[in-house]
Amino acid sequence: MVTKLDKAEVVTVGVGWAGGIIAAELAKAGVQVVGLERGGHRDTQDFQMVHDEYRYAVRYELMQDLSKETITFRNRPNEDALPMRQFGAFLIGSGVGGAGVHWNGHTWRFLPYDFEIKSMTDETYGPNKLADGHTLQDWGITYDELEPYYDKFEKTAGISGEENPMGAPRKNPYPTPPMKSTPILDRFKDASNNLGLHPFMLPSGNLSENYENPDGQFIAQCQYCGFCEKFGCEYGAKSTPNVTVIPTAQETGNFELRTHANVTEILHDDNRATGVRYVDLQTGEEFEQPADIVVLTSYVLNNTKLLLHSGLGRPYNPETGDGVIGKNYCYQIIAGATGFFNEKFNTYMGAGSLGATVDDYNGDNFDHSELDFIHGGSISTKQYGRRPIQNNTVPGGTPSWGKEFKAQSIKYQNRWLSVDSQGASMPHRNNYLSLDPTYKDSFGNPLLRLTYDFTEQDNRLFKYISDRSAEILDEMGAEIVEPREMTDHFDIEPAQNDHITGGVIIGGDPETSAVNNYLQMWDVDNVFVIGASNFAHNGGYNPTGTVGAFAYRAAEGILKFRENNGQLVKGKNKNRMA
Amino acid sequence: MADEKEQSKMSRRRFMRNSGYVAGGAIGGGILGSLLGTNLLDTNQETAQETNDYNRALMFFTRQKDFDILSAATERIFPEDENGPGAIALGVPYFIDHQLAGSYGNNEKEYMQGPFSPGTDYQGYQSPLKRNELFLVGIQALEDESMNNYNTTFTELEGEQQDELLQAFQNNGVGIKGATSATFFETMRSATLEGAYSDPLYGGNANMDGWRMKEFPGSQMSFIDELDSEDFIEMEPNALRSHISH
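Bear in mind that the values here come from a model prediction, so they are computed numbers and not experimental data. Along each chain, the written sequence defines residue order, and numbers are assigned to residues from 1. Lettering for chains starts from A, numbering for ligands starts from 1, and both go in the order in which the items are written. Owing to the predicted nature of the model, reporting of local features is limited to residues with pLDDT of at least 70; listing and counting of side-chain atom pairs is limited to 80 or more, with chain, interface and lining totals taken over all residues.

## Quick word on the interface of chain A and chain B
Across the contact, 59 residues belong to chain A and 58 residues belong to chain B. Strands are runs of DSSP state E lasting at least two residues, helices are runs of H or I lasting at least four, and both sets are numbered from the N terminus onward. Breaking the side of chain A that touches chain B down by element, the ones donating at least two residues are helix H2 (53–58), strand E5 (82–83) and helix H10 (403–412) of chain A. The greatest single-element share of the side of chain A that touches chain B, amounting to four residues, is contributed by H10 of chain A. Partitioned by chemical class, the residues of the side of chain A that touches chain B number 23 nonpolar, 22 polar and 14 charged. A pair of residues counts as a contact when their C-beta atoms, built from backbone coordinates, are within 7 Å of each other. Side-chain classes are defined by residue name, with Ala, Val, Leu, Ile, Met, Phe, Trp, Tyr, Cys and Pro counting as nonpolar, Asp, Glu, Lys and Arg as charged, and the others, Gly among them, as polar.

Here you go:
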């Protein structure tokens, strides 16, 4: 028995940064919005017991319950995919605020090069710079067009930062000054300066000072307690949807947030969505929520899965290159190096975004003429607050257990530093998302299947950026410097990086992209899809700043669509892939 | 390093008083106020230790012998040495027993539906065994290998002999039912470190000695005033027990 509810004007699937921004912007404009969130309620008071590495970082307190839903994985299209039974390579958030609760707060603007990567690469290096099989394409929007939306997100979130000499040009300064520096960061900055690079403080969603955002929401000053990534903030000092856009939406009286509401399908007649079906996870009851406009604002994986499972948009076919839903799944290439020092640092103090960065090896900020790869990555040292369970870094050749391991892991606990990168990841035709033919979720629907492996481009970028990172550590005075080594294939088990992207990509051409530059589906006018799922490749930075900018852009698009209906952008058909 | 010495002598109470955390007005309000309202500033350390002793009993293992084998293996993974206590003195075997009885041991938040297949080296954990079953199978295999190779029970082997067997498990050199020996070993290794270094509320890290060895101060509310110190600051650790009102 499905209970049919009264129609809502707009329904969002997921209430994290993207869903919260849509809710706030539309509700402020007088639009009635229903937010469906499959996890539970959370606010600052839920984090009084949060300084618990085991519960939050090791047992994944804030993450999705994989017994109900996970993905399957294989490296190559000719392998059998198997379920990701436990968390490993990347984490999937759940609950009100989504990954915006447990993120670290690194808030970047992608480079102008990222948005026009295909045109600019071809123009500078010719059309054959990347090997065959890479499905590189422009994003159908320029950095200059997106700049005001980045600005809006940064002001909502109160981002603390300073000018990045090699970064995307800014019209306004950051709303709050950079975080405090530390001896570790000073060492990185001095070493980078000595090498002729251009260091600056990492733009941070842990705020350097108390801040009231343009919507009147208060974000507190960060206390550098060292429990940030994978944790919630007990001070309300991390910028999250829960302390910003969600209360903004709720204060209007136009936003209804329903928790434990797990959307299983987007309902549609032909090419128009009519609403969503969801299950209340606490009672098992099924509901149909009719809506004029459906906005998918969940994680990369679920945005893609819902479209494929509901039969919306054209599924991507890796053999022909046709179709778009599931296409251009990318990751982050986490090149870097580890330095072991004789002296001790106060590594246990820190914050999620406490770091210093150089952008000299990001995007096309350096000449690739003599190099056999494109792009690069931001290179940073970060001081998150080092905790003891998950940090047992020892010099190469040390056994992983026993007397020597114990002695070395204790000796080096406060004596190693990392310099590492959010390396860019280029799309390849064999890296994609589709539905699994065998494994099901707890509702009996197919799991999403990930097919992904590293490419030669990834390997070369990794090696180059790791060597640059090692040079910085050497200059910082490390006794032993070990550049990271890439695994032969992507491995789903060891923890790596949560920045997965693609599947519902933005572009200027309806043939090769899923959404236009208002994040409106080309094939279904009243469905908007927002998230890192929109990235046509992954840039050399953390994704959230760009997701936030896209959400503000989409909110504007939805308000336009309410008045004009139909497609907001005229599709081009010039960059169709061969 | 006068600063380091002075800091290490500083009591936690004094640290709290000296830190920016107490200047609550600068932080602004609600949560901080409510945290300060609890007796965050009381340590209750002695009481905690006494209470923990009752906690040192078995929730999962039904045979003491299995528990003793587990204890011996964890002590080889994380032995007592000049840095301080090993796994047994830290309470790691009890930590693991208690974890195996609950959500962790029963893989409650993990996908355990079939069909099962070993997969490639890059597809992660694929065993149909729940973790508590994996430990029982692995511990039995350790004992069987011990009897086969040395005709002696695992707990009575010399340390080096125990290491040889554990190394064989880590190298995937032993066949066990439903999983690989490396999976068992790596799971036990991780659980040992988790028991050594998690908050003492879970039954390991006795007296916060795991944290002391790593000079990790546990749960502290703020480092905003210490952040720019050039010298290493050693401070008395603090556990989550202090976050709750009694």
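Moving on, there is more to tell.
## So, the confidence of the model for chain B
Residue and element names in this part refer to chain B. Across the chain, each position has a pLDDT score giving the predictor's confidence in that residue, from 0 to 100. Residues of chain B with pLDDT of at least 70 account for 78%, and the chain-wide mean is 85. Across residues 1–48, confidence stays below pLDDT 50; counting only partners more than four residues off in sequence or on other chains, it has 63 contacts. Here the predicted complex carries an ipTM of 0.95, next to a pTM of 0.93.

## Things to note about the sheet that holds strand E18 (residues 432–440) of chain A
Residues and elements named next belong to chain A. In spatial order, the strands read E5-E4-E19-E18; together these four strands make up an open sheet with mixed pairing. Two strands close off the open sheet at either side, each with one partner strand: E5 and E18. Two strands pair if DSSP finds at least two bridges between them. Bridge analysis of E18 against strand E19 (residues 446–451) gives five bridges, and the strand direction is antiparallel. When the bridges of E19 are listed, Lys 440 appears paired with Pro 446.

## Some points on the nonpolar core
Across soluble globular proteins, nonpolar side chains show a tendency to be buried alongside one another. All names here are of chain A. Val 10, Val 294, Val 529, Ile 530, Ala 551 and Ala 554 are the most contacted members of the largest nonpolar core, which totals 223 residues. Of all the elements, helix H12 (residues 544–564) adds the most residues to this core, at nine residues. When sequence neighbours within four positions are dropped, the list of residues in contact with Ala 554 reads Ile 22, Tyr 518, Leu 519, Phe 528 and Ile 530. To form a nonpolar core, buried Ala, Val, Leu, Ile, Met, Phe, Trp, Tyr and Cys residues must be joined through C-beta atoms within 7 Å. Partly exposed residues are those falling between the two cut-offs: more than 12 but fewer than 20 other C-beta atoms within 10 Å of their own, whereas 20 or more means buried and 12 or fewer means exposed, with C-beta atoms placed from the backbone.

## Quick look at the sheet that holds strand E6 (residues 200–201) of chain A
All names here are of chain A. Strands sit in the order E6-E15-E16-E17-E14-E20 across an open sheet of six strands; the sheet is antiparallel. Looking along the sheet, the strands with just one partner apiece sit at the ends: E6 and strand E20 (480–483). Against the sheet, helix H7 (residues 183–194) engages strand E15 (355–358), strand E16 (377–382) and strand E17 (416–423), with an angle of about 15 degrees to E15. Angles shown run from 0 to 180 degrees and are taken between the N-to-C directions of axes, each axis being a line fitted to C-alpha atoms and, for helices, limited to the stretch in contact.

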